[in-house]
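In case you want the letters, here they are:
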2 protein chains.
Amino acid sequence: MKVAILGYGTVGSGVGEIIMNAATADVKELNVSHILERSENLHRHPLMCDDIQTILQDKSVDVVVETLGGIEPAHTFIIAALKAGKHVVSANKAVIAVYLKEFHEYAQAHGVKFLYEASCGGGIPWIHGLSNAKRIDEIDEIHGIFNGTSNYILDHMGKEHQPFDVILHQAQELGYAEKDPGADIDGIDIQNKLKISSAIAFDCDVPQDIPTFGIRNIRREDIEYADSLHQKIKLIADARRKEDHFYGIVEPQLLDEGSIEASINENLNLTCLHGTTIGPLMFYGQGAGKLPTANAIVQDIIDIQKQCPTAAFTPKVEMHYDSALIEHAYVIRSNLEEAAMKEILGDDLKQCCAFRGMIYYQTKKISAYWMHDKMKEILTQDKDAFMMGIREVNA
Amino acid sequence: MKVAILGYGTVGSGVGEIIMNAATADVKELNVSHILERSENLHRHPLMCDDIQTILQDKSVDVVVETLGGIEPAHTFIIAALKAGKHVVSANKAVIAVYLKEFHEYAQAHGVKFLYEASCGGGIPWIHGLSNAKRIDEIDEIHGIFNGTSNYILDHMGKEHQPFDVILHQAQELGYAEKDPGADIDGIDIQNKLKISSAIAFDCDVPQDIPTFGIRNIRREDIEYADSLHQKIKLIADARRKEDHFYGIVEPQLLDEGSIEASINENLNLTCLHGTTIGPLMFYGQGAGKLPTANAIVQDIIDIQKQCPTAAFTPKVEMHYDSALIEHAYVIRSNLEEAAMKEILGDDLKQCCAFRGMIYYQTKKISAYWMHDKMKEILTQDKDAFMMGIREVNA
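Residues numbered from 1 in each chain as written. Chains lettered and ligands numbered in written order. Predicted model: local features only at pLDDT ≥ 70, side-chain atom pairs only at ≥ 80, totals over all residues. Heavy atoms only, no water.

**Concerning the pairing of strand E9 (residues 245-256) of chain A**
Residues and elements named next belong to chain A. Condition: Exposure classes here rest on a 1.4 Å probe applied to the protein chains alone. A residue is buried below 20% of its type maximum, exposed above 50%, and partly exposed in between. Runs of H or I in DSSP of at least four residues are treated as helices and runs of E of at least two as strands, each being numbered from the N terminus. Pairing between two strands requires that DSSP report at least two bridges joining them.
For E9, a buried count of ten out of twelve residues is recorded, marking the element as mostly surrounded by other parts of the structure. Across twelve bridges, the pairing between strand E8 (residues 231-242) and E9 is antiparallel. Opposite Ile233, over in E9, you have Leu254 as the bridge partner. Linkage of E8 to E9, two consecutive antiparallel strands, is achieved through a turn of two residues, within which Glu243 is found at a positive phi near 50°. Direction of pairing for E9 relative to strand E12 (residues 320-321): parallel, over a ladder of two bridges. Bridged to Phe246 within E12 is Tyr321. Strand direction decides the pairing type here: E9 and strand E18 (residues 386-390), joined by two bridges, are parallel. By the bridge assignment, Gln253 is partnered in E18 with Gly389.

As structure tokens, this is what we get:
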């Protein structure tokens, strides 16, 4: 089976490495035929070309692997490849979070597969696990730690008692964080993964409106405050479904220090689902990185090669947002006076306490939608404020 | 697709319930046609019969689900069903741990599938995850918490500060432990699961010689001793492979209280693998129970129905036991005098300490094989002694 790889950065070159190493009988069935790269890089590998048409017009290419990242030209190239009758495997969460339905429709119309295991949770077989669980169960909840960079930062701020900036810099030095870390620390990367996961889990079109609050404002004191309560702070993606209603959020949450979520260290990921008969099911592994992410891509290619049946994507039109599905108490760290906070939160403000020179406000149990909205108001008056949901463990 | 269920106890009736509920399009494709039960139970369900020949001779039966448990008649019935050209799905770890190779050979000879996801880790897609990981990687390590009963006991002894017998009785009342709890507390159930998992992970025939030490002798003091070291005790199955050598053990191990293994509460299971490119990959869920285990069986049936390609079982003859692959230090609680312990352990005895009236001996880093052997000698002189391996975290 001939494979063309679009983009030969970290993940693309990992795919090349696994296929060229040919360590197993299944991988030996695969061959890299083309690598699309910028013209200035063409000298780096004899299989490189800089024109997508070379790949699209080569009838021997069976699978196109898209590891370009970003929206364009990835979107155009994926559709062109599907139209040319080639299977497409993509690791690109940003483009899939926008065009998942369109990609599936093109794939179906042209009798090929569009697979994207690597887009959520890196090497973790999460999309596969979700799709399989749905063959038997209705899934009523998904949640997890879907971003290694932010988890590394939270873990090491706690272990090393260092401020956010120091640990972010360390993560950048180690290659765990991008030079522009916004997508990771503001929760955008996680939001994309939650959109894709929710669409699969709940049979809905990709949701566009997921309240998201990241860890850019976190301080050492917040982690110490959590420690004092025997809690850990994790950046959690969380989505629920009840009948034809669903809702999702991304936010830092306080978790019991004995919980599985709290035990996820370094840059590792945890993805969780809850189904009717299976109950809780969790997957843990490398959520990013060259070889684990490339592994997920090669798994998809082997599924295509072996003609494994894969689930159709058939979003139901009648699925609705319902912000009442996610409600819990929040802790907000802010230098606003109690009267000013009361002005914003009203009767939902329950109490406040001082901790190491900071003030921590706690709300009653309220809708996540409402709190994320109010937080925007708090940030206009205190741009350094931080909030954490208090995760309630399901019965 | 017509399904005959052999045995209608907890798991068998769970399979019936999921299929008859027909909650999804995939499950709607399945029908229960026969239930094999003892003659005195036949009045309980119109589909019940008490003669295996009725099922074997019915050409319309596609899949036979074996949930009888034990060696016979399960072994005879599975082979008869495979010979009759019926796919077989089994949850029976005891019979599979002995006859895995034979069952695969009969299945291949008769052009049918033999699948057994439910035999290891209940509802967790562990066999599937292992098989898929092997399509790309060499797996060099598997480990985990493969038994819910013993994990429940360890967890609740710690939470409730109660002795073993009290918590075992509680587990029996809750239906988490059998009246005869030997298979669960002595590690035999785990040993069977590790045999099956090792055979798949390492391409070896099912290993017969796995040193196994359970939790029958554990005392409250042992858990408190672990607590004092910020450790938890878990009953761990552990197998390693290096090139054509492998080794496996089942034993209580001391684990860092912040580790994922330590965070597994109640009767839940954790199964872990480590592969060349995927790195660490873990699965968590219900390792037993009616609906989760039935879910795994129905997943196998749907795989058969959809003609999903499944891995052949092709054990390599040249795989060898190598006890040097698992070495670590041990803690032994025993009332033997230091001189007597020194007599048994020789220079490998490193130190001893007193804790709440007990004596805890610690060894140097030694082979697990050697220690399990020496423990038999210790038990002849102190039948209440207990040992724990000190788990070393892989780099």
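This is not the end of the story, as more comes after the structure.
**With respect to the environment of Gly9 of chain B**
Within the fold, Gly9 of chain B resides in the loop between strand E1 (2-6) and helix H1 (10-21). Separated by 137 residues in sequence, Gly9 of chain B and Phe146 of chain B have C-alpha atoms that sit 21 Å apart.

**With respect to the state of the cysteines**
Residue and element names in this part refer to chain B. Worth spelling out the cut-off: Whenever a pair of cysteine sulfur atoms sits within 2.5 Å, that pair is classed as a disulfide.
Enumeration according to the criterion identifies zero disulfides over all chains in this entry. In this structure Cys352 is a free cysteine whose sulfur lies 7.2 Å from that of Cys353, the closest cysteine sulfur available. By relative accessible area, which is 33% here, Cys352 ends up partly exposed.

**Some words on the relation of the copies chain B and chain A**
The test is simple: Least squares is used to superpose the copies, and the fit set is the C-alpha atoms of residues whose pLDDT is at least 70 in both copies. Residues count as neighbours in contact if any of their non-hydrogen atoms are within 4.5 Å of one another.
When chain B is fitted onto chain A, the two copies agree to an RMSD of 0.0 Å after a turn of 180° and an axial shift of 0.0 Å. Taken together, the turn and the small shift mark the pair as related by a two-fold rotation axis. Mapped onto chain A, 100% of the interface residues of chain B again fall at the interface, so both copies present the same surface.

**Some remarks on the pattern of salt bridges**
Note the following rule: Here, a salt bridge means any side-chain nitrogen of Lys or Arg that lies within 4 Å of a carboxyl oxygen of Asp or Glu.
Applying the stated criterion across every chain, the model contains 40 salt bridges over all chains. Lys134 of chain A is the partner of Asp203 of chain A in a salt bridge, and the nearest nitrogen-oxygen pair spans 2.8 Å. Here Lys134 of chain A lies in helix H6 (residues 126-134) and Asp203 of chain A lies in the loop between helix H10 (188-202) and helix H11 (220-228), a separation of 69 residues in the sequence. Linking Asp347 of chain B and Lys342 of chain B is a salt bridge whose minimum nitrogen-to-oxygen distance equals 3.9 Å. Owing to a relative accessible area of 59%, Asp347 of chain B belongs among the exposed residues under this scheme. Assessed through its relative accessible area of 39%, Lys342 of chain B is described here as partly exposed.

**Quick look at the confidence of the model for chain A**
Definition in use: The predictor reports its confidence for every residue as pLDDT, a score running from 0 up to 100.
Confidence along chain A averages 95 in pLDDT terms, with 99% of residues attaining 70 or more. The complex model carries a pTM of 0.96, and its ipTM stands at 0.96.

**A look at the environment of Gln362 of chain A**
Residue and element names in this part refer to chain A. Within the secondary structure, Gln362 sits in strand E16 (residues 358-363). When the C-alpha positions of Gln362 and Lys350 are compared, they lie 5.6 Å apart, and in sequence the two are twelve residues distant. Setting aside residues no more than four positions away along its own chain, Gln362 makes contact with Ala329, Tyr330, Val331, Asp348, Leu349, Lys350, Gln351 and Ile390.

**A closer look at the interface of chain B and chain A**
Many analyses report the size of an interface as the accessible area lost when the parts associate. Operational definition: Buried area counts how much accessible surface, traced with a 1.4 Å probe, disappears from two parts once they are put together, with both parts' losses summed. Here a polar contact means two N or O atoms within 3.5 Å. Within protein one must be a hydrogen donor candidate and the other an acceptor candidate, and residues neighboring in sequence count only if both atoms are side-chain atoms.
Contacts between the two partners involve 41 residues from chain B, matched on the other side by 41 residues from chain A. For the pair chain B and chain A, the two sides together bury roughly 3300 Å², of which 60% comes from carbon and sulfur. Looking only at chain B, the three residues that lose the most surface to chain A are Arg135, Ile136 and Tyr284 of chain B, adding up to 24% of its buried area. Taken together, the connections running from chain B to chain A amount to two salt bridges. The closest approach of N and O atoms between Asp303 of chain A and Arg135 of chain B, which form a salt bridge, is 3.0 Å. At the junction of chain B and chain A, the tally comes to 13 residue pairs in polar contact (both at pLDDT 80 or more). When strand E11 (residues 279-286) of chain A meets strand E11 (residues 279-286) of chain B, the two strands line up antiparallel, connected through five bridges. Bridge pairing in E11 of chain B links Leu281 of chain A to Gly285 of chain B.

**Side note on the sheet that holds strand E3 (residues 48-49) of chain B**
Residues and elements named next belong to chain B. Let me state the cut-off plainly: Geometry is summarised by axes, namely lines fitted to C-alpha atoms with helices restricted to the contacting stretch, and by angles between N-to-C directions that run from 0 to 180 degrees.
The strand order across the open sheet built from six strands is E3-E2-E1-E4-E5-E6, with neighbouring strands paired in parallel fashion. Each edge of the open sheet carries a strand with a single partner, namely E3 and strand E6 (114-115). Note that E1 and strand E4 (residues 63-66) share four bridges and pair parallel. Residue Ile5 lies in a different strand from E4, and its bridge partner there is Val65. Where helix H4 (residues 74-83) meets the sheet, it contacts E1, strand E2 (31-36), E4, strand E5 (87-90) and E6, and its direction lies at approximately 150° from that of E5. Across the sheet, helix H12 (residues 290-305) touches E1, E4, E5 and E6, and the angle it forms with E5 is around 160°.

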